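# Results of the structural survey
In case you want the letters, here they are:
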Amino acid sequence: MAASAASASSDMFDEIVMAEERFHGEGYQEGYAEGSHVGVVEGRRYGSLHGARIGSEIGCYLGFALTWQCLLQKCTDEKNSKKIKALDSLIGMIQKFPYEDPTYDKLQEDLEKIRGKFKQMKINMDDQRRNIKRTDNWKSVYLLLF
């Protein structure tokens, strides 16, 4: 009887000692699951916001290029034909941009190339912008934004 009483008290102490380890393990698992869920939600929110910003930025570049392309089609001199080719290049880069594939390896590289081409075109168009007649109000207002 004494052996069974000692065994019962030993089991009780083992349960108390093991409870700390068990609760620690259970707490870790619950915390890990909760953290994973919160991380996914936060990541999705950040990705949506960042993707919207990039889309808006690229849309602005495309609007700039298409507007200038329309305005310069009336001009046929060599200087403007080079600008039109450069605008076509920018438009092509934007159209090839992988909007639907966020895992694309060269996403940032391609985005930087588009930004660089846009800055180059903005500088090249600066003299053209200054030559716009003030009677073309809608054109002047749009172009002054850039």
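Just above sits the structure.
Counting restarts for each chain: residues are numbered from 1 in the order of the written sequence. A pLDDT threshold of at least 70 governs which residues receive local features in this predicted model, and a stricter bar of 80 or more applies before side-chain atom pairs are shown or counted, although totals over entire chains, interfaces and linings include all residues. With hydrogens and water stripped out, all remaining heavy atoms of the structure feed into the side-chain values.

A few words now on a nonpolar patch on the surface. Two distance rules govern patches: like charges are joined within 9 Å, and nonpolar side chains (Val, Leu, Ile, Met, Phe, Trp, Tyr) within 5 Å, applied only to residues with over 30% relative accessible area and no salt bridge. Residue-level accessible areas treat just the shown protein chains as cover; the underlying method is Shrake-Rupley with a 1.4 Å probe. The salt bridge criterion pairs a side-chain nitrogen of Lys or Arg with a carboxyl oxygen of Asp or Glu, the two atoms within 4 Å. Side chains of Met-12, Phe-13 and Ile-16 sit close together on the surface and give an oily, nonpolar patch of about 350 Å² of accessible area. Here a helix means four or more residues in a row that DSSP labels H or I, a strand means two or more in a row labelled E, and each is numbered from the N terminus. Position of Met-12 among the secondary structure elements: in helix H1 (residues 2-72).

This part takes up the nonpolar core. By convention a nonpolar core is built from buried Ala, Val, Leu, Ile, Met, Phe, Trp, Tyr and Cys residues, the set being connected through side-chain atoms within 4.5 Å. Each residue is assigned to one of three classes by its accessible area relative to the maximum for its type, calculated with a 1.4 Å probe on protein chains only: buried under 20%, partly exposed between the two thresholds, exposed over 50%. Of all hydrophobic cores here, the largest spans 21 residues; its most connected members are Trp-68, Leu-87, Phe-97, Met-121 and Met-125. Element by element, the count of residues in this core is highest for H1, at 8 residues. Residues contacting Met-125, with those up to four places away along its chain left out, are Phe-64, Trp-68, Leu-72, Lys-83 and Leu-87. The contact definition used throughout considers only heavy atoms, calling two residues in contact when any of these lie within 4.5 Å.

On to the side chain of Asn-80. In this structure, Asn-80 sits in helix H2 (residues 78-96). Sequence-distant contacts of Asn-80, that is, excluding residues within four places in its chain, are made with Leu-72, Cys-75 and Gln-128.

Moving on, we come to H2. How far a helix is expected to stretch is found by multiplying one less than its residue total by 1.5 Å. Over its 19 residues, H2 extends 27 Å from the first C-alpha to the last, a length consistent with the 27 Å expected when each residue adds 1.5 Å. The set of residues buried in H2 consists of Asn-80, Lys-83, Ile-84, Ala-86, Leu-87, Leu-90, Ile-91, Gly-92 and Ile-94.

Under the criterion given, the structure shown has 4 salt bridges. Lys-82 is the salt-bridge partner of Glu-78, the closest N and O atoms lying 3.9 Å from each other. Of the two residues, Glu-78 and Lys-82 both sit in helix H2, 4 residues apart, roughly one turn of that helix. Neither residue differs from the other here; Glu-78 and Lys-82 are each classed as exposed. Residue Arg-115 is joined to Glu-112 by a salt bridge in which the shortest nitrogen-to-oxygen separation is 2.6 Å. Of this pair, Arg-115 and Glu-112 both sit in helix H3 (residues 107-124), 3 residues apart, which is roughly one turn of the helix. For Glu-112, a relative accessible area of 44% translates into the label partly exposed. Three or more residues joined by partner-sharing salt bridges are found here, namely Glu-57, Glu-112 and Arg-115.

For the purpose of charge, His is not counted, nor are the chain termini; Lys and Arg are scored as positive and Asp and Glu as negative. Think of each charge as sitting on NZ of Lys, CZ of Arg, CG of Asp or CD of Glu. On the surface, Glu-100, Asp-101, Asp-105 and Glu-109 cluster together into a negatively charged patch. Among the structural elements, Asp-101 can be located in the loop between H2 and H3. Look at Asp-101 and you get partly exposed, because its relative accessible area is 33%.

Here a Phe, Tyr or Trp ring, Trp counted by its six-membered ring, pairs with any other such ring whose centre lies within 6.5 Å, and the pair is stacked when the planes are under 30 degrees apart, edge-to-face when over 60, and tilted otherwise. As enumerated under the stated definition, the model contains 4 aromatic pairs in all. Relative to Phe-118, the ring of Phe-64 lies with its centre 4.9 Å away and its plane at 75 degrees, an arrangement referred to as edge-to-face. Taken as a pair, Phe-64 in helix H1 and Phe-118 in helix H3 lie far apart in primary sequence, 54 residues in all. As far as burial versus exposure is concerned, Phe-64 and Phe-118 are alike and both buried. Here the aromatic rings of Phe-97 and Tyr-99 are separated by 5.5 Å at their centres, their planes lie at 70 degrees, and the arrangement is edge-to-face. For Tyr-99, a relative accessible area of 47% translates into the label partly exposed. Three or more aromatic residues link up through ring pairs in this structure, and these residues are Tyr-61, Phe-64 and Phe-118. Positioned above the aromatic ring of Phe-23, the side-chain terminus of Arg-22 is 4.8 Å from the ring centre. Either the NZ atom of lysine or the CZ atom of arginine qualifies as a charge over a ring when it sits within 6 Å of the ring centre and within 35 degrees of the ring normal.

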